[in-house]
Amino acid sequence: MKQAILQSGLRSGRRLNVMRRRRAFTLVELIAVIVVLGVLAAVAVPKYFDYADRAKTASLEGSLGGVRSSISSFYANQTFEGTARFPTITEIRTVGTVLEQSLPKNPFNGLSTIGQVNSLADATNRVTDGSTGWRYFVDNTANPPVAIFWSNNTDDTTVADNNGALVSANDL
């Protein structure tokens, strides 16, 4: 009888050892998990960078649209008052005159300053110098008056031109 109890105890002890061993992962299982995670990371990381670039481009387009709209509204208001003119760079910098808030930061270079351009040729070619976030050309003596506002950065955006080439930030 004692021997039967000892044998059943040994059997249950073996079962217990087998159950203890099954709690841990084998090396093959761990390597399989690491490989799967590596493949997922290789697929996901490039997608993340694409989203970040697209977000930067969308932010730039929104900022340009907001400032350009404010400049156009200023021009329309001045036209109704009898003097068709675009705002000066000082008026753009003065909060409450053209913009309700200060100039937004350029998402491509992080600067919210604006630089004056004095040449229509430089404005037409969207010349950049990287010292400010934005560039502005205004000529209220021209007929009709001319104003051009652009990003002071030549980094590529995620916007493509008609040929599929990426458009630089200063060309938006």
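Residues numbered from 1 in each chain as written. Predicted model: local features only at pLDDT ≥ 70, side-chain atom pairs only at ≥ 80, totals over all residues. Heavy atoms only, no water.

Peer 1: Talk me through the environment of Leu120; I want residue IDs and the actual numbers.
Peer 2: Turning to its location among the elements, Leu120 is positioned in helix H4 (residues 120-124). With relative accessibility at 43%, the residue Leu120 sits in the partly exposed group. If sequence neighbours within four positions are ignored, Leu120 has contacts with Phe137, Val146 and Ile148. (Helix = DSSP H or I, 4+ residues; strand = E, 2+ residues; numbered from the N terminus. Buried < 20%, exposed > 50% of the residue type's maximum accessible area, 1.4 Å probe, protein only. Contact = heavy atoms within 4.5 Å.)

Peer 1: How would you summarise the sheet that holds strand E1 (residues 114-117) if you had to cite specific residues and measurements?
Peer 2: Pairing is mixed in the open sheet, where three strands are placed in the order E1-E2-E3. For this open sheet the edge positions go to E1 and strand E3 (146-151), each flanked by a neighbour on one side alone. For this sheet the average axis-to-axis angle between neighbouring strands, irrespective of direction, equals 20°. Bridge count between strand E2 (residues 134-139) and E3: six bridges; the pairing is antiparallel. Within E3, the residue paired with Phe137 across the bridge is Ile148. Together, E2 and E3 form the strand contacts of helix H2 (residues 27-80), whose direction differs from that of E3 by roughly 160°. (Pairing = 2+ DSSP bridges. Axes fitted to C-alpha atoms, helices over the stretch in contact; angles between N-to-C directions.)

Peer 1: So what's going on with the nonpolar core? Which residues, and what values?
Peer 2: Ranked by size, the top nonpolar core spans 20 residues in total, and within it Ile71, Ile92, Leu103, Ile114, Tyr136 and Phe149 carry the most contacts. Of all elements in the fold, only H2, helix H3 (89-93) and E2 reach the threshold of two or more residues within this core. Among the elements that take part in this core, H2 stands out by supplying five residues, more than any other. Non-local contacts of Phe149, meaning those with residues more than four positions away in its chain, are made with Leu64, Val67, Arg68, Ile71, Leu103, Ile114, Trp134, Arg135 and Tyr136. By size, the runner-up hydrophobic cluster in this structure holds five residues, among which are Val117, Ala123, Phe137 and Ile148. (Core = buried A, V, L, I, M, F, W, Y, C linked by side-chain atoms within 4.5 Å.)

Peer 1: Got a sec to walk through the side chain of Asn152? Specific residues and values, please.
Peer 2: Along the chain, Asn152 falls in the loop between E3 and strand E4 (156-160). Given a relative accessible area of 1%, Asn152 falls into the buried group. Here the side chain of Asn152 touches Asp129 through a polar contact of 2.8 Å, side chain to side chain. Ignoring anything within four residues of it in the chain, the contact list for Asn152 reads Asn106, Asn109, Thr128, Asp129, Gly130, Ser131, Thr132, Gly133, Trp134 and Arg135. (Polar contact = N/O pair within 3.5 Å; in protein donor to acceptor, adjacent residues only side chain to side chain.)

Peer 1: Can you tell me about the packing of aromatic side chains, naming the residues and giving the values?
Peer 2: Under the counting rule described, the total for this entry stands at three aromatic pairs. Considering the side-chain rings of Tyr75 and Phe86, the 4.3 Å spacing of their centres and the 20° angle between planes classify their relative orientation as stacked. Here Phe86 lies in the loop between H2 and H3 and Tyr75 lies in helix H2, a separation of eleven residues in the sequence. The exposure class assigned to Tyr75 is partly exposed, which follows from its relative accessible area of 23%. (Phe/Tyr/Trp six-rings, centres within 6.5 Å; stacked < 30°, edge-to-face > 60°.)

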